[in-house]
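Fold and geometry: a report
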Amino acid sequence: LQQHLRNRPSSQSQSQIGGLKIKKVAVAHHTRFQVLGDYMDSRMRINNVQGDRLSVLPDDVILRILSFVGLKDAVATSVLSPRWRYLWTSIPHLTFSTKDFSTLDKFSESVTRVLSRRNNQALLSSFNLHLSAKDAEDVAWRIMNQAFSLSVQQLNIDCVVRSLSSMFQRKSTTYPVSLSGSQTLKHLTLSCDFLVTLTSTREFSSLTTLHLCFITLDDAFLSMCPNLENLTLHLCGMTGSKDFRICHPRLSNLTLENLHVRPLTINVVAPKLKKLTISKSPGGFRIHAPELASLLLIGFCPSMFSTDGFPSLEEAQLSFHILRALKKSDASTVISLLHKFHNVKHLSLSIEIIQLLNSFVDLIPHQPSPLANLESLKILPKMYCLMYHKHMRVVMYNKLRKYLLNASPKATLTEVLRAECCDATACANPPTIIKQRVSWSS
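Here is what the cut-offs are and how they apply
- Residues numbered from 1 in each chain as written.
- Predicted model: local features only at pLDDT ≥ 70, side-chain atom pairs only at ≥ 80, totals over all residues.
- Heavy atoms only, no water.
- Pairing = 2+ DSSP bridges.
- Helix = DSSP H or I, 4+ residues; strand = E, 2+ residues; numbered from the N terminus.
- Axes fitted to C-alpha atoms, helices over the stretch in contact; angles between N-to-C directions.
- Salt bridge = Lys/Arg side-chain N within 4 Å of Asp/Glu carboxyl O.
- Buried < 20%, exposed > 50% of the residue type's maximum accessible area, 1.4 Å probe, protein only.
- Phe/Tyr/Trp six-rings, centres within 6.5 Å; stacked < 30°, edge-to-face > 60°.
- Lys NZ or Arg CZ within 6 Å of the ring centre and 35° of its normal.
- Parallel < 35°, antiparallel > 145°, perpendicular 65-115°, else oblique.
- Left-handed = near helix turned anticlockwise from the far one by under 90°.
- Contact = heavy atoms within 4.5 Å.
- Nonpolar A, V, L, I, M, F, W, Y, C, P; charged D, E, K, R; others polar.
- Polar contact = N/O pair within 3.5 Å; in protein donor to acceptor, adjacent residues only side chain to side chain.

- With an unreviewed UniProt entry as reference, the protein chain is termed F-box domain-containing protein, source organism Ambrosia artemisiifolia.

What follows is the structure, encoded as structure tokens:
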């Protein structure tokens, strides 16, 4: 309106029209009405656009928005206009959860209907499936096979379907899942509480991250993932081989959790491995990882730990819980491990390790300490108290202290304290307090 009045004579007084300050014009009445009419027409056009501002956005922006409103609401937008009718079929992120449906049948029908109507030419960035229902192994297995046929970049599947009674059955049905090999899949997370055997007939050339829980792997599956970098195995097994063998030329991050395998020896051959975490996995380990920089051993003390050495290792943590009487063999294993930590700069030992080495201090050799490059030594709280929860004070024997610190006189020795007495009573990420409060005894 100001642009319309710019070339007209006016006075310096001002008035309000439609909430906007404009100069009062000295014109005829019919001219003022014409100006006001033009202004109202322009406001109506603006209001029409503002009433449906979503429709003026590009398709990729709308699809991004629909990914966050929930699949049911996204599908409901198909009735808005002809443009919106098939827009939902190109959503880049799909999430299905049984908690959003009243029955398992409705959930299954919805997944099948959405996937059958999907625009296969559109990019599917992620597919998330959360299925929780009793005795639904068959439904989960069928939907899993549908999901594996998609051209997707990130696939996350979490199935909890076994009833309490079926978990204690001696014989359980094994569900084979054969993957044809996706050229787009980069991240795969698969967690099932029923027996699933995973095989592949083609390579996953783009897969870099793999997280598996309660899955039985074919021994050749990892060879079908030539670019795999991150691997996590939790409660997993392996078929087709006499031993549990992880051999990969490009693997850089490996996490092994609760691997109760037979035979009780796990072989890892990974020349590019940088970080290795072994948690609550009893048995023995043979490790070939010359570039390993970080090692975490948590839970059980391994019955055997064989390695060619760790020339690149800079950070190590040993946190073992002692559920039975202290064993001389466990102390020998720990001392053997410490002898391989020549280049370790940061070492963390649980208080149970100190207690174990104190009990068998005579096993400590008289040679100089192997920790020549140590910069810091931390004593961590104990992991489990069983039924008796109480804090344990660190009393390190003088011989043990010399063995750990004499080769690195500038290394700092600290104890990590917290309000909880053990991991069993601690929160997920409890705050820690670092104090210089480690004592030793002769």
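On we go.
**Here we look at the sheet that holds strand β15 (residues 284-288)**
- Reading across the sheet, the 4 strands line up as β11-β13-β15-β17 and stay open at both edges, with parallel pairing between neighbours. Bordering the open sheet on either side are β11 (244-247) and β17 (304-307), each of which pairs with just one other strand. Neighbour-to-neighbour, the strand axes of this sheet turn through a mean angle of 10°, independent of strand direction.
- Judged from the 5 bridges that link them, strand β13 (residues 265-269) and β15 form a sheet pairing that is parallel. Within β15, the position partnered with Val269 by the bridge is His288.

**Let's talk about the pattern of salt bridges**
- One pass over the structure, following the stated rule, counts 3 salt bridges.
- Measuring nitrogen to oxygen at the nearest pair gives 3.6 Å for the salt bridge that ties Glu291 to Lys272. Taken together, the residues span a long stretch of sequence, with Glu291 in the loop between β15 and β16 (294-299) and Lys272 in the loop between β13 and β14 (275-279) at a distance of 19 residues.
- Among the residues examined, Glu291 registers a relative accessible area of 27% and is labelled partly exposed.
- In this structure, Glu291 and Lys274 form a salt bridge, with 2.7 Å as the shortest nitrogen-oxygen distance. Separated by 17 residues along the polypeptide, Glu291 in the loop between β15 and β16 and Lys274 in the loop between β13 and β14 bring together distant segments of the chain.

**Things to note about unusual backbone geometry**
- A positive phi angle, close to 60°, is found at Phe214, a residue other than glycine.
- Within the secondary structure, Phe214 sits in strand β8 (residues 209-218).
- In this structure, Leu235 takes a positive phi of about 55° despite not being glycine.

**Details of the packing of aromatic side chains**
- This model, assessed by the stated rule, comprises 5 aromatic pairs.
- Ring geometry for Phe101 against Phe107: centres 5.6 Å apart, planes inclined by 70°, an arrangement best described as edge-to-face. A single burial state applies to Phe101 and to Phe107, both of which are buried.
- Joined through ring pairs, the aromatic side chains of Phe285, Phe305 and Phe310 make up one cluster.
- Positioned above the aromatic ring of Phe101, the side-chain terminus of Lys72 is 4.8 Å from the ring centre.

**Concerning the packing of helix α5 (residues 104-116) against helix α6 (residues 137-148)**
- It is at 11 Å that the axes of α5 and α6 come closest, and there the two elements cross at 15°. In terms of their interaxial angle, α5 and α6 are classed as roughly parallel. Where α5 crosses over α6, the handedness of that crossing is left-handed. When α5 is examined against α6, the residues Leu104, Phe107, Ser108, Val111, Thr112 and Leu115 are found in contact with a partner set consisting of Val139, Arg142, Ile143 and Gln146.
- Counted by class, the contact of α5 with α6 contains 6 nonpolar, 3 polar and 1 charged residues.

**What about the side chain of Thr333?**
- Of note, Thr333 is situated in helix α8 (residues 328-338).
- Since its relative accessible area comes to 12%, Thr333 is described here as buried.
- With near-sequence residues (within four places) excluded, Thr333 lies in contact with Cys301, Pro302 and Ser303.

**A few points about the side chain of Asn156**
- Topologically, Asn156 is positioned in strand β5 (residues 152-160).
- At 2.7 Å, the side chain of Asn156 forms a polar contact with the side chain of Asn128.
- A distance of 3.4 Å separates the side chain of Asn156 from the side chain of Thr189, its partner in a polar contact.
- Each residue touching Asn156, except ones within four places of it in the same chain, is listed here: Phe127, Asn128, Leu129 and Thr189.

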